[in-house]
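Here is how the chains run, residue by residue.
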Amino acid sequence: MNTSLGVIFGNRDFFPDHLVSEARQDILALFKEMNIDAVMLGKKETKLGSVETYAHAKACADLFKANRDRIEGILVVLPNFGDEKGVADTIKLSGLNVPILVQAYPDNLEAFNVERRRDAFCGKISVCNNLRQYGYQFSITSLHTCYPTSETFKKDLRKFESVCHAVKGLRSARLGAIGARPGAFNTVRYSEKILQASGITVTTVDLSEILGDSARLSDNAPSVKAKLEEIHTYAKHDTVPSPAIVRMAKLGVVISDWMEANDLQATAIQCWTSIQENFGINACTLMSMMSNQLMPSACETDITGVVSMYALQLASNSPGALVDWNNNYADDSDRCVLFHCGNWANSFVPNNEIKTAPILGTTIGEENTFGAMAGRASAGSLTFARVSTDDTHGVIRTYTGEGQLTDDPLDTFGHRAVAHVPDLQNLLKYICKNGFEHHVAMTMGNVAEALDETFTTYMGWDNYNHS
C-alpha cells in the first residue's frame, strides 16, 4: 500500500506565482516515481493550491481532516519564503498528530532576480520557528535547501516514509504476552504502564490456557491440517517426528486465533521451559513463521524486545529478529557472534531447518525441543535496535545502529550470524553501563537514522544512535 502524505505549499503574495506551479509539478512527478499518494489542495481551491492566508489554512485543514485516516505524514514545501502562520495554522486546524517534514527550494545565483528569487532559505527558518511555537515536533531535510528532484531529497523522503510508518505503528501497537517471563531472566522485566503512556498496549494470557486449548484440538481439525501444511512448506523438517510437528500446528492455530481475537500485531512468548516440559516442543518455528509474515514474535516473553522488532519492521518493511549479543569472534574487536535457537524469519535464513535445541536439551531432554531452528543468516547490511523501559526514571530508553552481517567462518548450531559493527567495544560498554538487555533486534537494510528520528523526535524516547 502506498504511503499517503498531506502536502502544504507555502506561499508569499509578493513572490512569483509560477514558483508554486513549478513546485506542484515537481512534487506530483516525484510522488508518482516513488509511489506516494498526495493529499493536497487543487489549483483552483486556493491560489494555485497554496497556503498563504488563514482562509487557505482552513481549506487545507478541512481537506486533511477529511482524509485523516489516510494521511501518515505532512510534507511542507516552500518554493519561496512561504507564510509561516499559514503552515502552522493548517496543521493546528487539521488536528493531525503525524510526522512533519519541512523542505525549502534553493536559490539559483544565475537567476537571482525578482522573477526567480525565492528566499526559501530564510522562510524555512521562520516556518520551523512557528511550528515550535505551536508545539509541533518536525523533521528537516539533510541539506537546508534542496530541489525535490535531487537524489538528496529522495533519500530524505524515503527516510521520512520510514519514520511515518514507524510512528503510526508504534503509537497504536497492540502486543500479546503469552506466559510469564522465564524465572531466571530478570533482564526482560518491563513496565506495561510506561509502554502504555506511549500508546503501546500489552494484552496478557496465561501459557496454561494456550497449551490447554492446543491439547484439546483434534489432529484432524481443518485448521490444524492447514497449519501443518504451512509448517511443512516453510522449512526443511526431515528429522522432526510427525507428532512434534502436529503439536506445533495445534499451538500455532491457538496462538493465531488468540492474536486475531485481540487484534494483536506482535507477540512475546514464554518459550522455555514450560512449553518443552508440558507440551514437548519448542515454539521457535512458529515464531519464525509469524515474524516472516510481519507479525513479529520475541523469545522469553521479552515484550520490549518485540517492540524493538516491530519498530525495525515498520521502518524497513521487512521482518525483524531477536538475537543475543552472544559471543566474541576470535580476537576481532569489531566482530561478534549473534545467536538464538531461534525465531529468525526465512528472509534472514534462506536455508532454515527445523531442528532441536541442544543446549536446552541437556537439562530437559533434546527430544522435547523439536521446533527449534538452525541456519546461517545471509551476509548483508544490518540495522539493530533495542527498546527498554527504565522503570526507575519512568522513561523509555533506546539505542540504534548499523553494521554488516558477514560470511566469516562460523561452525556452530542454531540460528547464527557474524556481525561487524564499527567501534563495537564502545557500543558494548554503553549497553552494559546503561543496563540494557542482552537481547537486541535486527533487520536487513539501513534504517537506523529513521528509527533515531522516530524514537527521539516523535516518540519522545532517549535514543543513543551508534554511528
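Before any of the text, the structure's been laid out above.
## A look at the overall build of the chain
Scanning the chain for helices and strands turns up 15 helices and 18 strands. Its C-alpha atoms give the chain a radius of gyration of 25 Å, near enough to 23 Å, the size a compact globule of 467 residues would have. Counting only C-alpha atoms, the chain reaches 80 × 50 × 45 Å along its principal axes. The burial tally for the chain puts 58% of its 467 residues in the buried class. Counting only carbon and sulfur atoms, one obtains 49% of the accessible surface of the chain, whose full area is about 19,400 Å². Counting 41 positive and 54 negative side-chain charges, the chain places the centres of these two groups 5 Å from one another.

## A few points about the packing of helix H7 (residues 207-216) against helix H9 (residues 242-261)
One can describe the packing of H7 onto H9 by two numbers: an axis separation of 8 Å at closest approach and a directional angle of 125 degrees. Classified by the angle between their axes, H7 and H9 sit oblique to one another. Handedness of the crossing formed by H7 with H9: right-handed. Residue-level contacts link Ile 210, Leu 211, Asp 213, Ser 214 and Ala 215 of H7 to Lys 250, Leu 251, Val 254, Ile 255 and Trp 258 of H9. Along the lines of polarity and charge, the residues of the contact of H7 with H9 split into seven nonpolar, one polar and two charged.

## What about the environment of Glu 402?
Considering the arrangement of structural elements, one finds Glu 402 in strand E15 (residues 395-406). Sequence separation between Glu 402 and Ser 21 is 381 residues, and the spatial gap between their C-alpha atoms is 40 Å. The contact partners of Glu 402, leaving out residues within four places of it in the chain, are Leu 382, Thr 383, Phe 384, Val 421, Pro 422, Asn 446, Val 447, Ala 448, Glu 449 and His 466. A polar contact is formed between the side chain of Glu 402 and the backbone nitrogen of Val 447, at a distance of 3.4 Å.

## Description of the nonpolar core
By size, the foremost hydrophobic cluster in this structure holds 100 residues, and its most contacted members are Leu 170, Leu 251, Trp 325, Leu 338, Trp 344 and Trp 461. Among the elements that line this core, the one with the most residues is H9, at eleven residues. Not counting residues within four places of it along the chain, the set of residues in contact with Leu 251 comprises Ile 210, Leu 211, Ser 214, Phe 279, Ile 281, Ala 283 and Leu 286. One finds Ala 88, Val 98, Val 102 and Val 127 within the second-largest nonpolar core, a separate group that totals 24 residues.

## Let's talk about the pairing of strand E14 (residues 380-390)
Walk down a regular strand and you will see the side chains alternate between the two sheet faces. Judged by how many residues are buried, E14 sits mostly within the fold: ten of eleven residues are covered. Pairing analysis gives eleven bridges linking E14 to E15, with the strands arranged antiparallel. Bridged to Phe 384 within E15 is Gly 401. Here E14 hands over to E15 after four residues, with Gly 394 in that stretch at a positive phi of 70 degrees. Strand direction decides the pairing type here: E14 and strand E17 (residues 439-444), joined by four bridges, are antiparallel. Paired with Ala 385 across the bridge in E17 is Ala 441.

## Quick look at unusual backbone geometry
Most peptide bonds take the trans configuration, and most residues that are not glycine carry a negative phi. Omega for the peptide link from Trp 272 to Thr 273 comes to -5 degrees, which places this bond in the cis form. Structurally, Thr 273 can be placed in the loop between strand E8 (266-269) and helix H10 (274-279). Cis rather than trans, the peptide bond between Cys 341 and Gly 342 has omega equal to 0 degrees. One can find Gly 342 in the loop between strand E11 (332-340) and strand E12 (353-355).

## Let's talk about the pairing of E8
Of the two faces of E8, both are covered, the one formed by Ala 266 and Ala 268 as well as the one formed by Thr 267 and Ile 269. Sheet topology places strand E6 (residues 174-178) next to E8; four bridges connect them, and they run parallel. Each bridged residue has a counterpart across the sheet, and for Leu 175 the counterpart in E8 is Ala 266. With two bridges joining them, E8 and strand E9 (residues 297-298) adopt parallel strand pairing. Bridge pairing in E9 places Ala 268 opposite Ala 298.

## What about the sheet that holds strand E1 (residues 3-9)?
The sheet built from five strands is open, its strands ordered E2-E1-E3-E4-E5 with parallel pairing. Strands with a single pairing partner mark the edges of an open sheet, and in this sheet they are strand E2 (36-39) and strand E5 (139-140). Taken together, the two bridges between strand E4 (residues 100-104) and E5 define a ladder with parallel strand orientation. The partner of Leu 101 across the bridge, within E5, is Ser 139. Sheet strands touched by helix H2 (residues 54-66): E1, E2 and strand E3 (73-78). Its angle to E1, the strand with the most contacts, is close to 175 degrees. With respect to the sheet, helix H4 (residues 120-133) is in contact with E3, E4 and E5, its orientation differing from that of E4 by roughly 160 degrees.

## As for the pattern of salt bridges
It is possible for side chains of opposite charge to pair when their charged atoms get near one another. In total, this model carries 19 salt bridges according to the counting rule given. The residue Lys 65 makes a salt bridge to Asp 62 at a minimum N-O spacing of 3.6 Å. Here Lys 65 and its partner Asp 62 are both found in helix H2, three residues apart, which amounts to about one turn of the helix. A relative accessible area of 48% means that Asp 62 is categorised as partly exposed. Of the charged contacts, one joins Lys 154 and Glu 151 as a salt bridge, the two residues approaching to 3.4 Å between their closest N and O atoms. With Lys 154 and Glu 151 both in helix H5 (residues 151-171), this residue pair falls three residues apart, about one helical turn. Classification of Lys 154 by relative accessible area gives buried; the value is 15%. Where salt bridges share partners, they join Arg 12, Asp 83 and Glu 84 into one cluster.

Rules behind the numbers
Residues numbered from 1 in each chain as written. Predicted model: local features only at pLDDT ≥ 70, side-chain atom pairs only at ≥ 80, totals over all residues. Heavy atoms only, no water. Helix = DSSP H or I, 4+ residues; strand = E, 2+ residues; numbered from the N terminus. Rg over C-alpha atoms; globule rule 2.2 N^0.38 Å. Buried < 20%, exposed > 50% of the residue type's maximum accessible area, 1.4 Å probe, protein only. Areas by Shrake-Rupley, 256 points an atom, 1.4 Å probe, with all protein chains shown as cover. Lys, Arg positive; Asp, Glu negative; His and termini not counted. Charge placed at Lys NZ, Arg CZ, Asp CG, Glu CD. Axes fitted to C-alpha atoms, helices over the stretch in contact; angles between N-to-C directions. Parallel < 35°, antiparallel > 145°, perpendicular 65-115°, else oblique. Left-handed = near helix turned anticlockwise from the far one by under 90°. Contact = heavy atoms within 4.5 Å. Nonpolar A, V, L, I, M, F, W, Y, C, P; charged D, E, K, R; others polar. Polar contact = N/O pair within 3.5 Å; in protein donor to acceptor, adjacent residues only side chain to side chain. Core = buried A, V, L, I, M, F, W, Y, C linked by side-chain atoms within 4.5 Å. Pairing = 2+ DSSP bridges. Salt bridge = Lys/Arg side-chain N within 4 Å of Asp/Glu carboxyl O.

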